4 protein chains.
Amino acid sequence: MNTFGKNITLTTFGESHGPAMGGVIDGFPAGFRIDFDRLYEEVAKRRPGSSALVTARKESDRPEFLSGISPDGVTLGSPIGFIVRNSDHHSSDYDEMAKVYRPNHADYTYIRRYGIRDHRGGGRSSARETVNWVVAGALASQWLESKGVKVETVLSQVGPVADENIFAQIMAHPEETPRLEVAPELKNAMEEQVMAAKKAGDSVGGRVSCLITGVPAGIGSPVADKLHASLAAAMMSINAAKGFEYGLGFNAAASFGSRTADTFLPSGSPEAPLRTATNYSGGIQGGISNGMPIFFNVAFKPTPTLMQPLQTVDVNGNGVTLNPAGRHDPCVAVRAVHVVKAMAAFVIMENMTSA
Amino acid sequence: MNTFGKNITLTTFGESHGPAMGGVIDGFPAGFRIDFDRLYEEVAKRRPGSSALVTARKESDRPEFLSGISPDGVTLGSPIGFIVRNSDHHSSDYDEMAKVYRPNHADYTYIRRYGIRDHRGGGRSSARETVNWVVAGALASQWLESKGVKVETVLSQVGPVADENIFAQIMAHPEETPRLEVAPELKNAMEEQVMAAKKAGDSVGGRVSCLITGVPAGIGSPVADKLHASLAAAMMSINAAKGFEYGLGFNAAASFGSRTADTFLPSGSPEAPLRTATNYSGGIQGGISNGMPIFFNVAFKPTPTLMQPLQTVDVNGNGVTLNPAGRHDPCVAVRAVHVVKAMAAFVIMENMTSA
Amino acid sequence: MNTFGKNITLTTFGESHGPAMGGVIDGFPAGFRIDFDRLYEEVAKRRPGSSALVTARKESDRPEFLSGISPDGVTLGSPIGFIVRNSDHHSSDYDEMAKVYRPNHADYTYIRRYGIRDHRGGGRSSARETVNWVVAGALASQWLESKGVKVETVLSQVGPVADENIFAQIMAHPEETPRLEVAPELKNAMEEQVMAAKKAGDSVGGRVSCLITGVPAGIGSPVADKLHASLAAAMMSINAAKGFEYGLGFNAAASFGSRTADTFLPSGSPEAPLRTATNYSGGIQGGISNGMPIFFNVAFKPTPTLMQPLQTVDVNGNGVTLNPAGRHDPCVAVRAVHVVKAMAAFVIMENMTSA
Amino acid sequence: MNTFGKNITLTTFGESHGPAMGGVIDGFPAGFRIDFDRLYEEVAKRRPGSSALVTARKESDRPEFLSGISPDGVTLGSPIGFIVRNSDHHSSDYDEMAKVYRPNHADYTYIRRYGIRDHRGGGRSSARETVNWVVAGALASQWLESKGVKVETVLSQVGPVADENIFAQIMAHPEETPRLEVAPELKNAMEEQVMAAKKAGDSVGGRVSCLITGVPAGIGSPVADKLHASLAAAMMSINAAKGFEYGLGFNAAASFGSRTADTFLPSGSPEAPLRTATNYSGGIQGGISNGMPIFFNVAFKPTPTLMQPLQTVDVNGNGVTLNPAGRHDPCVAVRAVHVVKAMAAFVIMENMTSA
C-alpha cells in the first residue's frame, strides 16, 4: 500500500495539506556515513519553486531525521525515520474542492476506494508525496556513489519537442563513455514549450530519460522481481507516469533479432567481466544486470490542473464549472527528473544489497 | 523472487528441462466453481505448436491440480498447488550450451547472480515458466468473468507492421462499446512478417495490446501499489518485454492538458457510477480504477535465438561461433498474447479481492 | 525487521535517546472516528512514572499524529504516521556505557549484528520502543470496541507470588461471563514484591495474563498465520518476554484428551454460532477463532539493569565492574501489562480486517 | 497464509486426502550439494508408523523434487519445488465426518472461515501438512551442518512424566559441552504413558525440548523479527502446540535479576567471540543470538481424536455421538519431535542467510 521495496523498504505517509510528510527506511546498511549538506541540496532540487519552470509552492523541504543515524552521521542499521513539514496550508483555497470531482485527478477514485477523501489538495495522490521518495533516493544515491554507481536523469521531451535519439549512441557504441545529453537547442526549445504552456494556462506532457552506470553484473532476479520490472513498478508509481521502456523499448517491437543481438566481446578469461559490443538490451538480460549501462525512458502526461475553467461534476453527479485555483504545474515532467533519479537509485540500491 | 502478488500470491517453480513446472496460488477465494474444460483449453492456447506461427515444442501442458479444489471442482480457500510436467527433455541438445554464453540470453547474468546455471535450456529464464502464469491467469479469468470483468488481448504489431490506432477509438469515444480489433489486412500482414522471419531464420519483435472492461471504480492503491504500476511490473516480468504504456502512453509526452482532460459526464446522482466523455487516462486515475475500460500496450523484443550462426563467447571468455540449435521462436509476441492476458487477469483479480 | 503485521502493518522507528520514536500504521480502515482523549490516556498508562512501581523516566509521551486522520478525527484509509518525542536525553549518563557490554542486554549482540551501536540507552532494544506499539494498540482497541471486542490484561505473577488459577474458571465454566481478576490479597503481595526488589536494587520477573472476548468465529488462518502463532510472535517481541502459552498452555503437556475435549453445545440451528461447554482450547482451534474467549499468558524475565555493581566486560573483552546508572525498573512485567494489551489488540484487529 | 519465512520462504499446499502435499522453497542459496539419502531418511522419521508409539497411517513419504536442484544434486538458487504423494485415501471413512463438527478440531472454525471444508480428514489442519515442513527442515539441517550448526530435539514430557530439569545443566554450566538428554528411566516411563493412552483409547499431551548449538553471535533482529519471536511463531504453527518458552522460560517470572544475569567471561580481545558464565538467556539477547546455545520447550496438547464415543454436534447444531474412526494418535508430541527440529532448522537457516 505505502511501502516500496522488499529488502530495503521505504514506507511513507503524509497528506499534502496535513502537518507533515514522512517515511521510514528500513534495512539501510549500518556504518555508512551520510553527507547531510549534499542530501539537503539534492532534496531541495525537487522543490517546487526551485526553477522558473515549475509551480511556486514554497516549502523549505528540509527533512528532519529522527532515527537510524548516529549523532555524527553514521547509519546504525536501524530504521531511518524522517519527516518533512508541510508549511503551505491554504485550507480555504480548497473548500470549493470538497464538493467537486476534478477531471483526471484521483478525487472520484478516492471516494470509490475509501468512501472518504481529504479534499485539501490531493491527499496521498499529491505530488507532494514524492518529497519522501527524494529523501530516500538521496540517501541511496550517496550509498551507490560509494560503490561506483551513478544515476543520471534528464528531460528528453516536452510536448512536440523530443530528443528522439537520446540513447542511440549508448546502444550502438557503449564502449565509449556513455553520456546522457540533450542538445542545447532542444533544451531551449523544451523550456519554451513549458513557458508557453504556463502562459496559456495549459499544461504539456514530457519524458524523462535515465542512465545508470557502474552496476555490476548479477543484480536482480530472473522471474518475479526482474530488475527492469522493479524499475517499471517504481517509475509507474510516479504521479502522471504513463509509460516505461528500457533498452530498445517500444522500438523493439519493430526490430529484428539478427540486428539487435548484443554480441559478447571476448575477454580471454573466465573471471573478467564480459562486455557486449552493443547494448540494445539496456544492461539487463533475463531480469539481471549484465554490467553494461542501464537506461530507460518514462513518459509523463500533462498535469490535469489548468488555469482555465474546466467542466466537471460535483459530488452529487451534477455538472459544474471549476474555476482555476491558485497554482498550476505546466509540465510535471520537469520535476519528475528528480523523482525518477531518486526512485531509480532506491531500486538499484535495494537490488544491490539483496544480491 | 518467485512470487507474484500480495493479497493473492502465485509462487512458481520449475526449470524448462527439469521434471516439471508448477506453482502455488494462495488466497484464491473459497467457494468458486472451476470449469476445468475451459481452463485446459485456455492453457493449451499458450502452448508452443498451438499455432503455425510458433516454435514446435510439444508438451501436453495439462496442469495437474494437487490441492485447494474439492473433488467436485469448488475452491476450498486453501492454496491451489499445481504442476505441469515437462515432457520434452532433449538434454543432449544442450550439451554444447554448457560451455557458451548465448548473446541476449540470461546465461551470463545467471552465472554472475548464482555462480551456477542449469544449461539445459534457460533454467528459470525460459519462456516455459509462463505456463505457470497461464494456469493462474486462466483461474483468475474465470473468477473475473463471474464478476463481469473481461480481459482481451491482441497482437497489434509485428516488426514494421503496426496498428497505430489500436486504442484511438476507445480513448476518444469510450461510450461506444469498446472493441479490441485489428483490421484483417493488418493481421495478415503481421502473419506474413512472422513467416518471413521464420523462413529467414531471423526473429522479429512485436507488441501486444490489452483491453479490460467491467472493472468497477475503486480498485487499486494510490501510492505504492498503483493499479497501473502492478500491471507494469507483471507485464515487464514477461520474457522479452521491453516497454509498457497505458492510456495515452508515450503519446502523453507529446500532448497538452487542455486536450486530454477526461471530463466527467453528469450522472445526476451521488451514488451512480460516473463515466467520462473520453478515456485518455486508460481507466485509472491516481492508481485507482475509475470504472472506465483499462487498456495498455506491451512491447516485446525479437527472441535472441536465431537459426543462424552467432558470434559469442564461451565460459572462458573466448570467442566462439554458436550454431543454431533445434528450435526457434520467430516472434515471441505471438505467444505473449496469452501470457499478457493471463497476467492481466491475475493482477486485476488480486486487486479486486483486496479492495 | 521493524514491521509488524501483514494486512495492517505497523512500521516503527526510533532510538531511545534520539529525537523521537514513531511509526506508520498502514491499512487502518477508512471512516473510523478516533477518540483522541481516550487514546492519549491509554498511551499515558504505559509511561514510566505512571505508577509507583516503575522507573521514573519522565516523558510526556503524547503522540503527534501527522497523517491519515482528517482534521475532525476520522481515519482516511491512508497511512497514519505519528511521532512521540523523546524529552529525556541524558547523554552524559551513557558515556561509560560506550565502552562496556552490559550483561543480559543487547549491547554485545548489536555489535555482532550491525558492527555499530547507539550506546546512549538501548537503541532499538530499549523498552522505549514499546511506546510506538501502545499508540497503535490504542487505535486498534478503539476499533475493536466498535466491533464488540474487548482486550483485558492483568499482572498475574511477580516473582514467587502467582495467581496459579487465573484462567481455571474461564476454562472450566466459560458460559459464565468471564472475568479477568486477581484476588486483592495476591495483588497486594505482588506490589510488595516489586517494592522489595526496588529497595534491594534487585529486579523480579513476572507474568501478564490476557483475556479477549467478543472475537467472532472464523478469524485467523489454518497454517502459516495461525491466530495463536501471530499472538505468540507479537508477545515474544515484547522486551524481556521468555514464554507464551494459550488455553491449557504448558499444562496441556500433562493432560489427557478424554478430559480436555471442548464439547460443542447443541444450538439447534446451522447458522447460530456454536459454544463449547469448556474452553481448554483457549478460543482458537486449528489456528482460527471459534467464538469463545481467547486467553493467554506471557512470562517476563527480571530486567537486567540492577542498582548493584555488576561484573561484565568492556569492548576489548576485559573484565570490568559496572556501577549502577541512574535508573532501574524493578519489574518490567508491570509496564508490560499495557504493552501486551496493545499488541494483542493490534494482532486481533489485523486478523479481523483480513478475514 | 501458507508461507513461512521472509528471506527464505517455504510456501506449502495440500489437503491430507487430496492427491499430494507439496511446497516451494524460495531463496535457498545456490551451489549447495544435497545428500538425498540422508534427506529421505530424515523425512521418513516423521512418518506415522515409523514408531510403535504413533498411528499407523502408511505413506512412503518420499518427496519428489521437481526443480531448483541440478541433476547431480546441487542447488541452483532457483525455487525448490517438491511434492509428496498421499497414498492413503480412504474417502469412505470420512463420509460421516461431512455432517459433524468434531470437538477440538478445526471443522467448525473452517466453516466459519471459508464457508466450505474438505471433510476428508482435516484439510489443511491435518498434521499431514507437517511432512512439507520436514522436507524443508531436512534441507535446512544439511545446510546448517555445513556451517557447524546442530539442531537436536527430544521428548521431555508425556503427561505426568516430565524431565523438569532438561535445561538446568545447560543454563547453569554452559561451558561444559551441552547435551540434550533425558534419563533412560524417564524415557521408558514416557513410552509407557503413550502405550497406556493408546490402550485406553485416550490421548496424552507432551513437551518437546530443542537445543541448537553452533549459531554464531549476531543472528536475528532487535524489534519485529526477534530470533525467539520467529522461533515462537514457527513452533506455535505446529499442530496442537499450546506453549513456547526459551531460556528461563516461565520460570523467569519467578526469578530475580541478581541471580540470573549471564555474566560475560573476559576474552581479553575485542574480536574474540564472548561467552557467558551462565546461559539463562537461552542464547538470545535483544532478539539476536549471542553465540551461546539456544534452547526452548514446546508444549503439545493431547490429540482430540479418541478411540471413544464423543459427544458433539452435527452441522445443523444438533447433538450427536461420534463413534471412533479408524485411527488415533495417542501422543502427538512423539511425532512433533521431528517437526520441531525441522521448523527450528528452517528458522535458524533463514536468519543466518539474511544476516
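As the structure is a computational prediction, the values presented were derived from the model and not from experiment.

Peer 1: Help me understand the relation of the copies chain D and chain C, please; the structure alone is not making it clear to me.
Peer 2: A rotation about an axis combined with a shift along that same axis relates the two copies of the chain. For the pair chain D and chain C, the superposition axis carries a translation of 0.0 Å, the fit reaches an RMSD of 0.0 Å, and the rotation angle comes to 180°. Given the turn and translation reported, the copies of this chain are related as if by a two-fold rotation axis.

Peer 1: Please clarify how the relation of the copies chain A and chain B should be interpreted in this entry.
Peer 2: Aligned on chain B, chain A shows an RMSD of 0.0 Å; the corresponding rotation is 180° and the shift along the axis is 0.0 Å. Looking at chain A, 100% of its interface residues are interface residues in chain B too, so the copies touch through the same face.

Peer 1: Explain the packing of helix α3 (residues 130-146) of chain C against helix α8 (residues 332-354) of chain C here, please?
Peer 2: The description of two packed helices rests on the angle between their axes and on the distance between the axes. Residues and elements named next belong to chain C. Where α3 contacts α8, the two axes come as close as 7 Å, and the packing angle between them is 50°. Regarding the angle of α3 to α8, the classification is oblique. Crossing angle aside, the handedness with which α3 passes α8 is left-handed. In contact with T130, W133, V134, A136, G137, A140, S141, W143 and L144 of α3, α8 contributes H338, V339, K341, A342, M343, A345, F346, I348, M349, M352 and T353. When the residues that make up the contact of α3 with α8 are grouped by side-chain class, the tally is 14 nonpolar, five polar and one charged.

Peer 1: Even after reading the chapter, I still don't get unusual backbone geometry, so can you show me in this structure?
Peer 2: Most peptide bonds take the trans configuration, and most residues that are not glycine carry a negative phi. All names here are of chain C. For N104, which is not a glycine, the phi torsion comes out positive at approximately 65°. With respect to the helices and strands, the residue N104 is situated in the loop between β6 (100-101) and α2 (107-114). Given a relative accessible area of 8%, N104 falls into the buried group.

Peer 1: Would you explain the pairing of strand β10 (residues 241-246) of chain D in this entry?
Peer 2: Two faces, one strand: in a regular strand the side chains alternate between the faces of the sheet. Of all the six residues making up β10 of chain D, six are buried; the element is thus mostly covered by neighbouring parts of the structure. Alignment of strand β10 (residues 241-246) of chain C against β10 of chain D, held across three bridges, turns out to be antiparallel. Along β10 of chain D, the bridge assignment pairs F244 of chain C with F244 of chain D. By the bridge criterion, five bridges tie β10 of chain D to strand β15 (residues 294-300) of chain D in an arrangement that is antiparallel. Residue pairing for β15 of chain D: A241 of chain D is matched across the bridge by F300 of chain D.

Peer 1: Where do I start with the sheet that holds strand β9 (residues 206-213) of chain B in this structure?
Peer 2: In any sheet, the strands associate via hydrogen bonds between backbone groups, in a parallel or an antiparallel arrangement. Here ten strands make up an open sheet; going across it, the order is β8(A)-β7(A)-β9(A)-β15(A)-β10(A)-β10(B)-β15(B)-β9(B)-β7(B)-β8(B) and the pairing antiparallel. The open sheet has two edge strands with one neighbour each: β8 (161-162) of chain A together with β8 (161-162) of chain B. Sheet analysis places β9 of chain B next to strand β15 (residues 294-300) of chain B, joined by seven bridges and oriented antiparallel. The residue of β15 of chain B that forms the bridge with I212 of chain B is I294 of chain B.

Peer 1: Is there a simple way to think about helix α5 (residues 184-199) of chain C in this case?
Peer 2: Residues spaced three or four apart along an α-helix point in a common direction, a consequence of the helix completing one turn every 3.6 residues. Residue and element names in this part refer to chain C. Here α5 is 16 residues long and its end C-alpha atoms lie 23 Å apart, about the 22 Å a rise of 1.5 Å per residue gives. The elements touched by buried residues of α5 are β7 (150-158), β8 (161-162) and α8. Two residues or fewer past α5, G201 is found with a positive phi of approximately 70°.

Peer 1: Looking at this model, I keep getting lost on the interface of chain D and chain C. Mind explaining?
Peer 2: By convention, interface size is frequently given as the accessible area that disappears when the constituent parts associate. Facing 104 residues of chain D, the contacting portion of chain C comprises 104 residues. Summed over both partners, the interface of chain D with chain C buries about 7500 Å², with 60% contributed by carbon and sulfur atoms. Area buried by chain D at its contact with chain C is led by V223, K242 and F250 of chain D, which between them contribute 10% of it. Here chain D and chain C share zero salt bridges between them. Taken together, chain D and chain C are joined by 47 residue pairs in polar contact (both at pLDDT 80 or more). In the side of chain D that touches chain C, the residues fall into 45 nonpolar, 44 polar and 15 charged.

Peer 1: How do you make sense of the interface of chain A and chain B when you look at a structure like this?
Peer 2: Chain A puts 104 residues into the contact, and the matching count from chain B is 104 residues. When residues of chain A are sorted by the area they lose upon contact with chain B, V223, K242 and F250 of chain A head the list and together hold 10% of the total. The interface formed by chain A and chain B includes zero salt bridges. Counting across the chain A and chain B interface gives 47 residue pairs in polar contact (both at pLDDT 80 or more). Taken together, the residues of the side of chain A that touches chain B sort by class into 45 nonpolar, 44 polar and 15 charged.

Quick notes on the rules
- Residues numbered from 1 in each chain as written.
- Chains lettered and ligands numbered in written order.
- Predicted model: local features only at pLDDT ≥ 70, side-chain atom pairs only at ≥ 80, totals over all residues.
- Heavy atoms only, no water.
- Least-squares fit on C-alpha atoms with pLDDT ≥ 70 in both.
- Contact = heavy atoms within 4.5 Å.
- Axes fitted to C-alpha atoms, helices over the stretch in contact; angles between N-to-C directions.
- Helix = DSSP H or I, 4+ residues; strand = E, 2+ residues; numbered from the N terminus.
- Parallel < 35°, antiparallel > 145°, perpendicular 65-115°, else oblique.
- Left-handed = near helix turned anticlockwise from the far one by under 90°.
- Nonpolar A, V, L, I, M, F, W, Y, C, P; charged D, E, K, R; others polar.
- Buried < 20%, exposed > 50% of the residue type's maximum accessible area, 1.4 Å probe, protein only.
- Pairing = 2+ DSSP bridges.
- Expected span 1.5 Å × (residues − 1).
- Buried area = accessible area lost by both parts, 1.4 Å probe.
- Salt bridge = Lys/Arg side-chain N within 4 Å of Asp/Glu carboxyl O.
- Polar contact = N/O pair within 3.5 Å; in protein donor to acceptor, adjacent residues only side chain to side chain.

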